[in-house]
Amino acid sequence: MTAPAALPGQIRDDIPPVVVDAVTVRFGAITALNAVSFTVVPGTIHAIIGPNGAGKSTMFNVLSGVYKAAEGSVLFGEHRLDQMRPYKIADIGVARAFQNIALSATQSVAENLMLGRHHLTRAGFLASGLRLPKATSEGRKHGARVAEIAEFMELGNKLHTPVGVLSYGDQKRVEVARALCTEPRLLLLDEPVAGMNSEETARMADAILEIRSALGISVVLVEHDMGMVMGIADQVTVLDFGRLIADGTPAQVQADPEVIRAYLGSGDDDLASIGEDADAPPDDDSPGAPRADSPRVTTEESSP
Ligand code: ADP
Ligand code: MG
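Residues numbered from 1 in each chain as written. Chains lettered and ligands numbered in written order. Predicted model: local features only at pLDDT ≥ 70, side-chain atom pairs only at ≥ 80, totals over all residues.

**Structural notes on the overall build of the protein**
In step 1: Tallying secondary structure elements over the protein gives ten helices and ten strands in all.
In step 2: Residues classed as buried in the protein amount to 42% of the 304 residues present. (Helix = DSSP H or I, 4+ residues; strand = E, 2+ residues; numbered from the N terminus. Buried ≥ 20, exposed ≤ 12 C-beta atoms within 10 Å, placed from the backbone.)

**Concerning helix 1 (residues 56-63)**
In step 1: Of all eight residues in helix 1, seven are buried; the element is thus mostly enclosed.
In step 2: All of the buried residues along helix 1 are Lys56, Thr58, Met59, Phe60, Asn61, Val62 and Leu63.

**Description of the confidence of the model for the protein**
In step 1: Summing up the model confidence of the protein, the mean pLDDT is 82 and the portion of residues at 70 or higher is 78%.
In step 2: Within the model, pLDDT remains below 50 along residues 275-304, and this stretch shows 54 contacts once partners closer than five positions in the same chain are excluded. (pLDDT = per-residue confidence, 0-100. Contact = placed C-beta atoms within 7 Å.)

**Some thoughts on the sheet that holds strand 6 (residues 94-97)**
In step 1: As summarised here, the arrangement of the six strands in space is 6-7-8-3-9-10, forming an open sheet in which the pairing is mixed. Sheet topology places strand 6 and strand 10 (243-248) at the edges, where each strand pairs with a single neighbour. Here the strands of the sheet are splayed against their neighbours by 15 degrees on average, with no regard to which way each runs.
In step 2: Summarising the sheet, strand 3 (residues 45-49) and strand 8 (residues 218-222) pair through four bridges and their orientation is parallel. Each bridged residue has a counterpart across the sheet, and for alanine 47 the counterpart in strand 8 is leucine 221.
In step 3: Packing against the sheet, helix 1 makes contact with strand 3, strand 7 (186-190), strand 8 and strand 9 (235-240), and its axis sits at approximately 145 degrees to strand 8.
In step 4: The strands that helix 9 (residues 257-265) touches are strand 9 and strand 10; relative to strand 10, the one it contacts most, it runs at about 130 degrees. (Pairing = 2+ DSSP bridges. Axes fitted to C-alpha atoms, helices over the stretch in contact; angles between N-to-C directions.)

**Regarding the sheet that holds strand 4 (residues 71-76)**
In step 1: Judged by pairing direction, the sheet is antiparallel, and its four strands sit side by side in the order 2-1-4-5 without closing on themselves. The open sheet has two free edges, formed respectively by strand 2 (30-40) and strand 5 (79-80), since each of these has just one partner strand.
In step 2: Sheet topology places strand 1 (residues 18-27) next to strand 2; seven bridges connect them, and they run antiparallel. The residue of strand 2 that forms the bridge with valine 23 is valine 36.
In step 3: Each of strand 1, strand 2 and strand 4 touches helix 1; the most contacted strand, strand 2, lies at about 60 degrees to it.

**Describing the packing of helix 5 (residues 168-180) against helix 6 (residues 198-215)**
In step 1: Look at helix 5 against helix 6: their axes get within 10 Å of each other, and the N-to-C directions meet at 20 degrees. With respect to each other, helix 5 and helix 6 are oriented roughly parallel. In this structure, helix 5 crosses over helix 6, and the sense of that crossing is right-handed. In contact with Gly169, Lys172, Arg173 and Val176 of helix 5, helix 6 contributes Glu200, Arg203, Met204 and Ala207.
In step 2: Of the residues in the contact of helix 5 with helix 6, the class split is three nonpolar, one polar and four charged. (Parallel < 35°, antiparallel > 145°, perpendicular 65-115°, else oblique. Left-handed = near helix turned anticlockwise from the far one by under 90°. Nonpolar A, V, L, I, M, F, W, Y, C, P; charged D, E, K, R; others polar.)

**Digging into the site of ligand 1**
In step 1: Residues in close proximity to ligand 1 include Phe27, Ile30, Ala32, Gly50, Asn52, Gly53, Ala54, Gly55, Lys56, Ser57 and Thr58, which together make up its full environment.
In step 2: Looking at the shell around ligand 1, the element that brings in the most residues is helix 1, giving three residues.
In step 3: Residue composition of the shell around ligand 1, by class: four nonpolar, six polar and one charged. (Near = placed C-beta within 6 Å.)

This is how it looks when you write it as structure tokens:
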């Protein structure tokens, strides 16, 4: 998979911006997000970063309809993302991939990806179970698209492999592929490289660049891995203690004194390297190193 450096030539015209306007979220006395505003330009990779406790996960949950904002709004075209139920966001072309893998371990890659197409199947799962003629022809169409997306995510030769036996990196790519199977216009990624070694991280970074350039959709990612973000993001929003402290290109935020101060003050060694070489690989690549985030594969259905 080649990683194009430039923006795609043909940005789709059916992708609205995401306009986050003065979003505030409180948990009791804690203000997790304090009047945060930023805009995701269509067809770009937009990263949300910040030290631990900055409000990244809270923002991700607002964008995906899981948390309601106490104040402010999130618009995706004419839709209020912040007022939408999580299971409804697929209908307006928003898909999310979870930090903790939410796939069915015993089912094959193809079966897991097919779950991502549920909301697109007119026949629905009941008719599929009864093998009605309409369901079978529709099933073939969706099967072909699933195979295409699996190929795109370099999982083409693993379509019939149970997800549970795949490597951690492959499972994370299945999780992203499942989100792509909903045919999103906006893809939300929660720490897509958490717990990955440097090779897996580089493959995922390539895949995200390829998603932007080949599909032309918007990608919002919440991320802890600084080198990865600086290498692929078009725009970076930096949060600290629930406040937006910087919003700009990777080069702009990297040079921002307040960003450097926030990261140095966080005592987080990984993040403290923000002012250093952005292309340096992450330092968690020793093969025996424990996973920061081991895959949690469940047998529960993962609704699209
Ligand atoms: P990040 O993902 O950047 O580490 P979070 O969004 O998880 O930050 O948290 C932001 C702040 O909100 C933290 O102070 C955290 O303790 C608090 N917080 C997050 N989720 C909850 C919750 N469900 N209940 C109470 N406090 C929360
Ligand atoms: Mg978090």
